[in-house]
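Now for the letters of each chain:
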Amino acid sequence: MAGTSFKTAVDERGAKRMKKLAVGILAHVDAGKTTLSEAMLLTGGMIRRAGRVDHGDTFLDTYELEKQRGITIFSKQAALKWDEMDVTLLDTPGHVDFSAEMERTLQVLDYAILVISGLDGVQGHTRTLWRLLERYQIPVFLFVNKMDLAAERRGAILKELKEELDENCMDFGTPCTEEFYENAAIGSEEALEQFLETGAVEDSLLGQMISSRQIFPCYFGSALRVDGVHEFMKGLGSYTRMPDYPEPFGARVFKIGRDPQGNRLTYLKVTGGRLSVKDAFGGDKVNQIRIYSGDKYETVKEAYPGTVCAVTGLAQTAPGKGLGAERLVSLPVLEPVLMYRVELPEGIDAASMLPKLRQLEEEAPELRLVWEEAKKEIHAQLMGEIQMEILKSLILQRFGVDVAFGERSIVYKETIAGTAEGVGHFEPLRHYAEVHLLLEPGEEGSGLAFATACSEDLLSRNWQRLILTHLEEKEHKGVLTGAPITDMKITLVSGRAHIKHTEGGDFRQAVYRAVRQGLREAESVLLEPFYDFSLEVPERFTGRAMTDLERLKARFEAPMIDGGQAVLRGSAPAACMDGYQAEVTAYTGGQGRLDCAFKGYGPCHNPEEVIAAAGYDPDADPENPCGSVFCSHGAGFIVEWDQVKEYMHVEAMSAAGGQTPKLRTDARQDAGGGVPGAARRPSSEERFIGTDEVDAILARTFHANQKSDSHASKKRWGSRNKASASGPLPAGSYAESYWRGSASHAGGTAPAAASFARGSAGEKKQDPPDTREDYLLVDGYNIIFAWKGLKELADINIDSARGRLLDILCNYQGMKKCNVIAVFDAYRVQGHATEILDYHNIHVVYTREAETADQFIEKFAHQNGRKYRVTVATSDYLEQIIIRGQGCGLLSARELEEEIEKMSSYIREECSRPESGAKRYLFDTVPEEVKRQLGASERV
């Protein structure tokens, strides 16, 4: 046990004897939520003295940041025993910036206490909380606080609660009266019959009506003065019911945290069966079960249904996920709408900082860190300014790095307006997968839903499950601005696998491409976040307020005038409301108040402007290719999204007349990959691309990007007159900017024995000597299957062939004196990270999962093609096009083999040729240092 002990009832006997409940306290900020928690713990005898928020000594606000700010930032729990109840009291953040933290806690609540300020009544965030409680179907007790300052407003507040929240909000402060029972009888027919027969309603029926959200009990008091708290807790004990839990084990994870020692904590609620130490989940074992109360805890060996606890030892858990019989809980409604660039101090590498920030993202998933590979930048989604300041403090406290946030932008999303079929095919050499997806628009706010309607005659159940997993694992980008897609249903309707060549990674590529291809065909709609707002200003400023709201593209109701104050309510784009609070404060002299709450996403009010500002080219996104990869005679070629359906091996739904898709009858057997071929194929002269053809393609592509009058040839492998001229590569692509400026360097491939010299042999002007360091990148498996001897060895044992190639390259490096990097494709290995090792005098790279050797080489060429003299050895003609576009040298597999043989022959000849007119002695080849050590300074 850590810290001081406390009294709780968590043993098996107590679990059977006492009513175990998880009760959360929610409120708009400054309504007195934490103060009520203190009063309840004091009344229950759990603490000796109630702390105060303004004094920084409350039992639950244990973090230094919370004490400094005077607000709750992190949800915490306390153990409370009262009237034969064993209550886990969960205190949640009240500030809107930490709403996501609060919403995650709702997933484990049996009851909620909603605290209302008697001075302010129902506020903007109060309405948001009420909608969430309704969505999660949580029974609610209301406590109207600060009544010592608003005693005369009791009737008015009750009326407001009925009008703003629910008409069945009832005053439980005066029970057992005829009026009380008469109001309760309105809630249900059973209660009405009981009231007519007996003149009362039994407590058990009242408790049943509360748990089914037919009535909502309201209590009034002052938490600071502990006035009315005893009556409130008595009602809580009388009218709550412990849920019925099933026998099979289940648990809901609602939070991830870390203790001061850095141990990962999984906060969960047991919803069935029993959780024990050493229970295993997905390869991980529970090491400890901790029952927290404030910042102290005690350990137990078992946890029973209804227990809220933290466990150590589980590394694969995440908020919202279930264990055992529990399934994934619905995704949160509240989410950040602002994106900020994380600015790091000088000398701090963004790539090395990212894994540390991922720890915070794990604890607060709403952060949604985004890594922009091209710019080497980290971006974070935040709810607002307060959360930003807290995050800065946390990063400084935990990692010792003082970060800043800059370049704020709105988080947009995309959806579609109609139905479309997306198809994806991935078939480089020795790989195969094809996927057909039906994309349909969903209801507003529905998020993404995935389903399958594919016959198992076409695709086995295991492959279908894997495809659904790949759909769910990635945040798919739209094609308008590259924003995440939402409010869609994606259904697997068809697909195809190969009995020998298909691996899980192949379907990942096919799925991603199918989604993108479908989005390119569909009519996309740009969405932006909207706020619900309540604007309260003095009556004389009504006209100014209405004019402002029209300017801000808001939709609002007619103003309500009461007591000299005007209230306007409606919704408006978040982008337009940014900074308006400061305007309200200025023109009302501090008498106006604006409350905003996230409503959801809706069609953007200025899509053309936003799309133009984003400048996103969907065909030039290397991480999200739209085209598909097909195979012909052992080499892959790209088909762009608008032609890909002509190549598919399974008919598209449109071609099948809406019927179940079937295999094309004109599909042929491919000579290269040994898998079904496409209906249309590249002609024989297109199987190999020479240097001149590569240069010609680059030249045509460059002029096509410049929108010249010339038109590029539309060969299957060739460029098209578009920004992304030759289409994306199998596992990544290139941007248009890669091509610009590189066409002028697109000379022919250097001769085999010319030390990787670059440029055309026909150039008239002599270039200055190139003193850059030489790098040779070898596409390992491409070379193995291109060289006859290695291919025959690979048919027997691929490891032996790989080892033989590495030995050959080691010898070559010794002759050539350049840096040699052999790259091998490990993208099918689940969970594999990029592995770089030294093999004698060369470097060997095994790519990470979902990354092909092509992609690694292209990335290396793009990043280092100007800094070093880079040459790539490959016979993949698509890769040749891209490599030349980076201004790098190129060797085909045949040319590399010829050069190695020529240099080996030359060395053999030199070593065997005697020096004319001189004898050769052993000591001639011994270094001078060795000679001195042996005491031989001269040859006698």
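What you are looking at is a predicted structure, and each value in this text was computed from that prediction instead of being measured.

To continue, consider the overall build of the protein chain. Regarding its fold elements, the protein chain presents 27 helices and 39 strands. With 940 residues in all, the protein chain has 54% of them scored as buried. Residue pairs at least 24 apart in sequence account for 70% of intrachain contacts in the protein chain once pairs closer than 6 positions are excluded. Surface summary for the protein chain: the accessible area is close to 42,500 Å², and the carbon and sulfur share equals 48%.

Let's shift gears to the pairing of strand β23 (residues 420–426). As a general feature of sheets, a regular strand has side chains that alternate between the two faces. Counting buried residues in β23 gives 7 out of 7 residues, a clear majority hidden from the surface. Every second residue of β23 is oriented toward a common face, with Ala420, Gly422, Gly424 and Phe426 on one face and Glu421, Val423 and His425 on the other, all of them buried. Relative to strand β24 (residues 433–441), β23 runs antiparallel, the two sharing 7 bridges. Counted as the bridge partner of Gly422 is Leu437 from β24.

So, about unusual backbone geometry. Here the phi dihedral of Lys146 falls at roughly 65°; this positive angle occurs in a residue that is not glycine. Inspection of the secondary structure puts Lys146 in the loop between β5 (140–145) and α6 (154–164). Unusually for a residue other than glycine, Asp487 sits at a positive phi of about 50°. On the accessibility criterion, Asp487 (6% relative accessible area) is buried.

Within the fold, Asp619 resides in the loop between α18 (607–614) and β32 (628–632). There is a polar contact of 2.8 Å between the side chain of Asp619 and the side chain of Arg520.

Let us look at the nonpolar core. Core analysis: the biggest nonpolar cluster contains 53 residues, and Ile395 and Leu535 have the highest contact counts within it. Broken down by element, the residue count for this core peaks at 6 residues, all from strand β27 (residues 524–538). Here Ile395 is in contact with Met353, Leu357, Leu360, Gly400, Val401 and Val403, once residues within four sequence places are set aside. Within the second largest apolar cluster, 43 residues are counted, among which are Leu89, Val115, Phe180 and Ala191.

With 78% of its residues at a pLDDT of at least 70, the protein chain reaches an overall mean of 79. Residue range residues 1–16 is modelled with pLDDT below 50. Its contacts to residues more than four positions away, or to other chains, number 29 contacts. Across residues 665–766, confidence stays below pLDDT 50; counting only partners more than four residues off in sequence or on other chains, it has 230 contacts.

Ordered by their spatial adjacency, 6 strands build an open sheet running β36-β37-β35-β34-β38-β39, and the pairing between neighbours is mixed. Looking at strand neighbours, the two that pair on one side only are β36 (835–839) and β39 (889–891), the edges of this open sheet. On average, each strand axis in the sheet is inclined to that of its neighbour by 25°, with strand direction left out of account. Here strand β35 (residues 819–824) pairs with strand β37 (residues 842–846) via 4 bridges, running parallel. Its bridge partner lying in β37, Ala822 is registered against Val844. Sitting on the sheet, helix α23 (residues 798–816) is in contact with β34 (774–779), β35, β36 and β37, with an inclination near 165° to β35. Sitting on the sheet, helix α24 (residues 853–864) is in contact with β34, β35, β37 and β38 (869–873), with an inclination near 165° to β34.

Quick look at the sheet that holds strand β16 (residues 308–312) now. Read across the sheet, 6 strands follow the order β14-β13-β16-β9-β8-β17 without closing on themselves; strand pairing throughout is antiparallel. Edge positions in the sheet fall to β14 (296–300) and β17 (322–324), since each of these pairs with one other strand and no more. On average, each strand axis in the sheet is inclined to that of its neighbour by 40°, with strand direction left out of account. As paired strands, strand β8 (residues 250–258) and β17 are joined by 3 bridges and run antiparallel to one another. Bridge pairing in β17 places Gly250 opposite Gly324. Against the sheet, helix α11 (residues 350–363) engages β8 and β9 (264–272), with an angle of about 140° to β8.

A word on the pattern of salt bridges. A complete count under the given rule lists 31 salt bridges for this structure. The salt bridge involving Arg341 is made with Glu343; its shortest N-O contact spans 2.6 Å. For Glu343, a relative accessible area of 31% translates into the label partly exposed. As a salt-bridge pair, Arg544 and Asp548 come within 3.0 Å of each other at their nearest N and O atoms. Of this pair, Arg544 and Asp548 both sit in helix α15 (residues 542–551), separated by 4 residues, roughly a single helical turn. If you follow the salt bridges from partner to partner, you end up with Arg544, Asp548, Arg551 and Glu583 in one network.

Counting buried residues in strand β2 (residues 76–82) gives 6 out of 7 residues, a clear majority hidden from the surface. Sheet analysis places β2 next to strand β3 (residues 85–91), joined by 7 bridges and oriented antiparallel. Following the sheet pairing, Gln77 is matched in β3 by Leu90.

This paragraph deals with the packing of aromatic side chains. Taken as a whole and judged by the stated rule, the model has 23 aromatic pairs. Each member of the aromatic cluster is reached from another via a ring pair, and the members are Phe143, Phe172, Phe180, Tyr181, Tyr219, Phe232 and Tyr239. Directly above the aromatic system of Trp130 lies the positively charged group of Arg213, at a separation of 5.9 Å from the ring centroid. If you follow Lys255 out to its NZ or CZ, it ends over the ring of Tyr267, 4.9 Å from the centre.

What follows deals with the packing of helix α4 (residues 99–106) against helix α5 (residues 124–135). At a minimum axis separation of 11 Å, α4 and α5 run at an interaxial angle of 25°. Viewed along their axes, α4 and α5 adopt a mutual orientation that is roughly parallel. Like other packed secondary-structure pairs, α4 and α5 cross with a definite hand, here right-handed. Here Ser99, Met102, Glu103 and Leu106 of α4 lie close against α5, whose contacting residues are His125, Leu129, Leu132, Leu133 and Arg135.

Let us now look at helix α9 (residues 203–211). Within the span of α9, buried status applies to Leu205, Leu206, Gly207, Met209 and Ile210. Packing partners of the buried residues in α9 comprise β4 (111–117), β5, α7 (178–185), α8 (189–198), β7 (216–220) and α10 (229–239). Just past α9, the residue Arg213 takes up positive phi, approximately 60°.

What follows covers a negative patch on the surface. A cluster of acidic residues, Glu189, Glu190, Glu193, Glu197, Glu202 and Asp203, forms a negative patch at the surface. Tracing the chain through its elements places Glu189 in helix α8.

This brings us to the state of the cysteines. Inspection of every chain in the model, using the stated rule, returns 0 disulfides. Not part of a disulfide, Cys169 finds its nearest cysteine sulfur in Cys218, a span of 4.6 Å. Judged by relative accessible area, Cys169 falls into the buried class, the value being 0%.

Let us now look at the environment of Val511. Residue placement: Val511 occurs in helix α14 (residues 504–521). The spatial distance from the C-alpha of Val511 to the C-alpha of Gly424 is 6.1 Å, given a sequence separation of 87 residues. When near neighbours in sequence (up to four residues on either side) are disregarded, Val511 contacts Val435, Leu437, Ile467, His470 and Leu471.

Moving on, we come to the side chain of His470. Note that His470 resides in helix α13 (residues 461–473). His470 gets classed as buried once you look at its relative accessible area, which sits at 3%. Residues in contact with His470, not counting those within four places in the same chain, are His476, Gly504, Phe507, Arg508, Val511 and Tyr512.

With their axes 9 Å apart at the nearest point, α13 and α14 run at an angle of 55° to one another. With respect to each other, α13 and α14 are oriented oblique. By crossing handedness, the relation of α13 to α14 is classed as right-handed. In this structure, α13 uses Trp463, Leu466, Ile467, His470, Leu471 and Glu473 to contact α14, whose residues at the interface are Gly504, Phe507, Arg508, Val511, Tyr512 and Val515. Of the residues in the contact of α13 with α14, the class split is 8 nonpolar, 2 polar and 2 charged.

Parameters at a glance
- In every chain, residue numbers begin from 1 and rise along the written sequence.
- It should be noted that, the model being predicted, local features are given only for residues of pLDDT at least 70 and side-chain atom pairs only at 80 or more, the latter also being counted only at that level, while totals for whole chains, interfaces and linings use all residues.
- The basis for the side-chain values is all heavy atoms of the structure; hydrogens and waters are excluded.
- Numbered from the N terminus, helices here are DSSP runs of H or I no shorter than four residues, and strands are runs of E no shorter than two.
- Under the scheme applied here, a residue whose accessible area is under 20% of the maximum for its type counts as buried, over 50% as exposed, and between as partly exposed, the area being computed with a 1.4 Å probe on protein chains only.
- Whether two residues touch is decided by their heavy atoms; if any such pair falls within 4.5 Å, the residues are in contact.
- All accessible-area figures derive from a Shrake-Rupley calculation using a 1.4 Å probe, and residue coverage is judged against the displayed protein chains alone.
- We call two strands paired when DSSP finds no fewer than two bridges between them.
- For this analysis, a polar contact is any N or O atom pair within 3.5 Å, provided that within protein one partner can donate a hydrogen and the other can accept it, and provided that sequence-adjacent residues contribute only side-chain to side-chain pairs.
- Buried Ala, Val, Leu, Ile, Met, Phe, Trp, Tyr and Cys residues that are joined via side-chain atoms within 4.5 Å together make up what is termed a nonpolar core.
- The quantity known as pLDDT measures the predictor's confidence residue by residue, on a range of 0 to 100.
- Between N-to-C directions, angles span 0 to 180 degrees; the directions come from axes that are lines fitted to C-alpha atoms, helices contributing only their stretch in contact.
- What makes a salt bridge here is a side-chain nitrogen of Lys or Arg within 4 Å of a carboxyl oxygen of Asp or Glu, nothing more.
- Stacked, tilted and edge-to-face pairs are distinguished by plane angle, under 30 degrees for stacked and over 60 for edge-to-face with tilted covering the rest, among Phe, Tyr and Trp rings (Trp via its six-membered ring) whose centres lie within 6.5 Å.
- Our definition puts a charge over a ring when NZ of Lys or CZ of Arg is within 6 Å of the ring centre and also within 35 degrees of the ring normal.
- For classification purposes, angles smaller than 35 degrees are called roughly parallel, those larger than 145 roughly antiparallel, those between 65 and 115 roughly perpendicular, and all remaining angles oblique.
- The crossing is said to be left-handed when, going from far helix to near helix, the turn is anticlockwise and less than a right angle, and right-handed when the turn is clockwise.
- Residues with no salt bridge and a relative accessible area higher than 30% make up the patches, which join like charges within 9 Å and nonpolar side chains (Val, Leu, Ile, Met, Phe, Trp, Tyr) within 5 Å.
- Think of it this way: Lys and Arg go in the positive column, Asp and Glu in the negative one, and His and the chain ends go nowhere.
- For charged residues, the charge sits on one atom: NZ in Lys, CZ in Arg, CG in Asp, CD in Glu.
- When two cysteine sulfur atoms are found within 2.5 Å, that pair is recorded as a disulfide.
- Under the scheme applied, nonpolar residues are Ala, Val, Leu, Ile, Met, Phe, Trp, Tyr, Cys and Pro; charged residues are Asp, Glu, Lys and Arg; polar residues are all the others, including Gly.

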